[in-house]
Amino acid sequence: MAGFKERVFSGVQPTGNLHLGNYLGAITKFVALQDTHDCIYCVVDLHAITVQQDPDALRNSIREVTAAFIACGIDPKKHIVFNQSQVPEHAELAWIFNCVARLGWLNRMTQFKEKAGKDRENASVGLYAYPALMAADILVYRATHVPVGEDQKQHLELARDIAQKFNNDFGPSIAKHGFGDAFFPQPEPLIQGPATRVMSLRDGTKKMSKSDPSDYSRINLSDDADAIAQKVRKAKTDPEPLPSEEAGLENRPEADNLVGIYAALADTTREAVLKEFGGGQFSTFKAALVDLSVAKLGPIGGEMKRLVADPASIDAILVDGAERAGVIARETMNAVKDIVGFVRR
Ligand code: TRP
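Nothing here was measured: the structure is a model prediction, and the numbers come from that model.

1. Examining the domain arrangement of the chain
Turning to step 1, where the next piece is worked out: The domains assigned to the chain are domain 1 (7-196 + 310-340) and domain 2 (215-306).
Turning to step 2, where the next piece is worked out: Between the C-alpha centres of domain 1 and domain 2 the distance comes to 32 Å.
Turning to step 3, where the next piece is worked out: Counting residues at the interface gives 14 residues for domain 1 and 14 residues for domain 2.
Turning to step 4, where the next piece is worked out: When domain 1 packs against domain 2, the two sides together hide about 1200 Å² of surface, and 74% of this comes from carbon and sulfur.

2. Overview of the environment of Ile174
Turning to step 1, where the next piece is worked out: Mapped onto the secondary structure, Ile174 falls in helix 9 (residues 171-176).
Turning to step 2, where the next piece is worked out: Taking relative accessible area as the criterion, Ile174 reaches 0% and is therefore assigned buried.
Turning to step 3, where the next piece is worked out: Ile174 has contacts with Phe166, Asn167, Phe179, Gly180, Ala182, Phe183 and Ile339, leaving out every residue within four places of it along the chain.

3. Details of helix 14 (residues 311-340)
Turning to step 1, where the next piece is worked out: The end-to-end C-alpha distance of helix 14 is 40 Å, a good match for the 44 Å that 30 residues give at a rise of 1.5 Å each.
Turning to step 2, where the next piece is worked out: One or two residues past the end of helix 14 sits Gly341, with phi positive at roughly 105°.

4. Let's talk about the pairing of strand 3 (residues 80-83)
Turning to step 1, where the next piece is worked out: Residues Ile80 and Phe82 point to one face of strand 3 and Val81 and Asn83 to the other, with burial holding for every one of them.
Turning to step 2, where the next piece is worked out: By the bridge criterion, 4 bridges tie strand 2 (residues 38-43) to strand 3 in an arrangement that is parallel. Of the residues in strand 3, the one forming a bridge with Cys42 is Phe82.

5. Things to note about the pattern of salt bridges
Pairing between side chains of opposite charge can happen when the charged atoms of each approach one another.
Turning to step 1, where the next piece is worked out: The full count for this structure, using the stated rule, is 16 salt bridges.
Turning to step 2, where the next piece is worked out: For Arg252, the salt bridge is made with Asp238, and the minimal N-O distance between the two is 2.6 Å. Of this pair, Arg252 sits in the loop between helix 10 (225-234) and helix 11 (253-265) while Asp238 sits in the loop between helix 10 and helix 11, placing them 14 residues apart in sequence. Across the pair, exposure class does not vary: Arg252 and Asp238 are buried alike.
Turning to step 3, where the next piece is worked out: Measuring nitrogen to oxygen at the nearest pair gives 3.0 Å for the salt bridge that ties Arg344 to Asp338.

6. Considering the packing of aromatic side chains
Turning to step 1, where the next piece is worked out: In total, this model carries 17 aromatic pairs according to the counting rule given.
Turning to step 2, where the next piece is worked out: Centre to centre, the rings of Phe166 and Phe184 are 4.9 Å apart; their planes meet at 65°, and the pair counts as edge-to-face. Taken together, the residues Phe166 in helix 8 (residues 153-169) and Phe184 in the loop between helix 9 and strand 5 (188-191) connect sequence positions 18 residues apart. When sorted by exposure, Phe166 lands in the same class as Phe184, which is buried.
Turning to step 3, where the next piece is worked out: Seen in terms of ring centroids, Phe282 and Phe285 are 6.0 Å apart; in terms of plane orientation they differ by 70°. Their pairing is edge-to-face. Taken together, the residues Phe282 and Phe285, both in helix 13 (residues 282-308) and 3 residues apart, mark about one turn of the helix. The same class applies to Phe282 and to Phe285, which are both buried.
Turning to step 4, where the next piece is worked out: Within the aromatic cluster, the residues linked to one another by ring pairs are Phe97, Phe166, Phe170, Phe179, Phe183 and Phe184.
Turning to step 5, where the next piece is worked out: The ring of Phe183 is capped by Arg142, whose NZ or CZ atom sits 4.2 Å from the centre of that ring.

7. Digging into unusual backbone geometry
Among all residues except glycine, the phi angle is most often negative; among peptide bonds, the trans geometry is most common.
Turning to step 1, where the next piece is worked out: One non-glycine residue, Arg142, adopts positive backbone phi at about 45°.
Turning to step 2, where the next piece is worked out: Following the sequence through the fold, Arg142 ends up in the loop between helix 7 (125-139) and strand 4 (145-148).
Turning to step 3, where the next piece is worked out: For Arg142, a relative accessible area of 24% corresponds to the partly exposed category.
Turning to step 4, where the next piece is worked out: One non-glycine residue, Asp267, lies in positive phi territory at about 55°.
Turning to step 5, where the next piece is worked out: Take Asp267: it is sitting in the loop between helix 11 and helix 12 (270-277).

8. Topic: the site of the ligand
Turning to step 1, where the next piece is worked out: Looking at the ligand, there are 13 residues lining it, with Gln13, Tyr130, Met134, Asp137 and Gln152 nearest.
Turning to step 2, where the next piece is worked out: Between the ligand and the protein, one listed contact pairs a nitrogen atom with a side-chain N or O atom of Tyr130 at 2.7 Å.
Turning to step 3, where the next piece is worked out: Asp137 places a polar side-chain atom, nitrogen or oxygen, 2.7 Å from a nitrogen atom of the ligand.
Turning to step 4, where the next piece is worked out: Starting from 370 Å² of accessible surface for the ligand in isolation, the protein chains cover 89%.
Turning to step 5, where the next piece is worked out: Elements with a contribution of two residues or more to the shell around the ligand: strand 1 (7-12), helix 7 and strand 4.
Turning to step 6, where the next piece is worked out: For the shell around the ligand, the leading source of residues is helix 7, giving 4 residues.
Turning to step 7, where the next piece is worked out: Across the shell around the ligand, the residue classes tally to 7 nonpolar, 5 polar and 1 charged.

9. Here's the deal with the packing of helix 4 (residues 89-100) against helix 7
Turning to step 1, where the next piece is worked out: At a closest axis distance of 8 Å, the pairing of helix 4 and helix 7 adopts a crossing angle of 125°. Taken together, helix 4 and helix 7 sit at an angle that is classed as oblique. Viewed along their axes, helix 4 and helix 7 form a crossing whose handedness is right-handed. Facing helix 4, whose interface residues are His90, Ala91, Leu93, Ala94, Phe97 and Asn98, helix 7 presents Ala129, Ala132, Leu133, Ala135, Ala136, Asp137 and Leu139.
Turning to step 2, where the next piece is worked out: Here the contact of helix 4 with helix 7 is composed, by residue class, of 10 nonpolar, 2 polar and 1 charged.

Cut-offs applied
- Position numbers for residues count from 1 along each chain, tracking the sequence in the order it is written.
- Confidence filtering applies because this is a predicted model: local features only for residues at pLDDT of at least 70, side-chain atom pairs given and counted only at 80 or more, and all residues used for totals across whole chains, interfaces and linings.
- The side-chain quantities take in all heavy atoms of the structure and omit both hydrogens and water.
- Residue ranges assigned to the domains are those given by an automatic or database domain assignment.
- Residues count as neighbours in contact if any of their non-hydrogen atoms are within 4.5 Å of one another.
- Summed over both partners, buried area is the accessible surface (1.4 Å probe) that two parts give up on being assembled.
- Each helix corresponds to a stretch of at least 4 residues labelled H or I by DSSP, and each strand to a stretch of at least 2 residues labelled E; elements are numbered beginning at the N terminus.
- Summary of the burial criterion: residues with accessible area below 20% of their type's maximum are buried, those above 50% are exposed, and those between are partly exposed, where the area comes from a 1.4 Å probe applied to protein chains only.
- A helix is expected to span 1.5 Å for every residue after the first.
- In this description, strands pair whenever DSSP reports at least two bridges between them.
- One speaks of a salt bridge when a side-chain nitrogen belonging to Lys or Arg is within 4 Å of a carboxyl oxygen belonging to Asp or Glu.
- Put simply, two rings from Phe, Tyr or Trp (the six-membered ring, in Trp's case) pair if the centres are within 6.5 Å, and we call them stacked under 30 degrees between planes, edge-to-face over 60, tilted for the rest.
- Any Lys NZ or Arg CZ that is within 6 Å of a ring centre and within 35 degrees of that ring's normal is treated as a charge sitting over the ring.
- Distances are taken per atom, and a residue is near a molecule or strand as soon as one of its heavy atoms is within 4 Å of it.
- Think of a polar contact as two N or O atoms within 3.5 Å of one another; within protein, one of them needs to be a possible hydrogen donor and the other a possible acceptor, and neighboring residues in sequence only count if both atoms come from side chains.
- Residue exposure ignores everything except the shown protein chains as possible cover, and the areas themselves are Shrake-Rupley values with a 1.4 Å probe.
- Here the term charged refers only to Asp, Glu, Lys and Arg, the term nonpolar to Ala, Val, Leu, Ile, Met, Phe, Trp, Tyr, Cys and Pro, and the term polar to all other amino acids, Gly among them.
- Interaxial angles span 0 to 180 degrees and are taken between N-to-C directions of axes, which are lines fitted to C-alpha atoms, for helices over the stretch in contact.
- Roughly parallel means an angle under 35 degrees; roughly antiparallel means over 145; roughly perpendicular covers 65 to 115; every other angle is labelled oblique.
- The hand of a helix crossing depends on one turn: near helix anticlockwise from the far one by less than a right angle means left-handed, and clockwise means right-handed.

Laid out in structure tokens, this is it:
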């Protein structure tokens with residue numbers, strides 16, 4: 001994108017446990033992008049309260065997501081890690097975007113329909129306006145690349161529409177203030193492929209989810225080595241031996257899921273995994289998957305435990321991140337206020 005410095009932004013909601021699905025679907029990507037981009041990773045607490053939260057659980061969860069970021073390898077010194085509510089410019093720009101976005105655009109958002117369910121009249125106004133806040137998160141840093149899951153694609157498209165409408169509506173003013181013909185970039189989604197979609201360990205047809213009532217359905221990033229090993233051992237399988245080729249995984253959702261998890265954790269392909277374990281008993285493969293999961297994920301759980309035991313040091317990381325994020329966000333907001341026609345200090 002001509003004229004815009006490449007910058008990565010993404011957000012994770014502090015609502016409940018992060019699990020293997022979040023790790024393979026998003027966080028490993030966040031980690032990898034640090035080598036090529038300036039990255040801003042945000043714990044989006046303002047988004048969390050679009051549905052009711054217990055205050056103490058929310059506070060813990062903000063610290064836990066921060067700990068997970070760091071335990072997984074995000075460097076809060078080289079890049080920026082903070083929680084959204086500490087940088088008021090997110091909410092400020094979101095208001096302006098509420099006035100740019102059209103009701104018709106928000107009415108089409110499938111996630112609102114799913115989350116609001118049947119009792120739409122009783123959903124919060126915040127839940128409805130959620131995508132405008134998400135656009136503000138990204139655009140207050142004029143970020144160009146946004147690693148997200150498939151489910152956020154529609155929200156990203158809305159962010160692009162908002163950026164474009166702002167650029168059009170305020171075109172002359174943007175030019176007058178020296179920003180050329182576009183103030184906001186068109187942020188691009190970086191979507192992880194379906195290969196990294198992690199399914200429940202109890203039911204290979206359902207996505208691994210923090211809201212599944214069975215803790216055995218998921219590996220939490222905070223799980224210790226024993227818990228990880230137990231959950232993998234108890235993971236649902238079928239009675240057949242493993243096939244030697246990918247085609248043999250069709251209609252075997254549990255086998256497919258476990259082979260996919262193994263491939264992702266070992267940074268290889270399903271094909272290579274089947275080459276090694278195909279034809280053999282499931283128990284052999286499972287034992288190897290236990291070892292691999294414990295080796296890769298055990299240290300993350302251990303490091304998270306160490307970090308959350310010292311909340312003051314996590315809070316210091318968040319304050320430092322918010323200060324550095326705030327410098328960028330304030331610069332954007334000053335320009336936006338000039339462009340929109342506000343009188344500012
Ligand atoms: N809506 C995202 C989710 O639920 C979280 C989020 C909020 C986000 N703001 C963002 C993701 C900005 C990417 C960019 O997963």
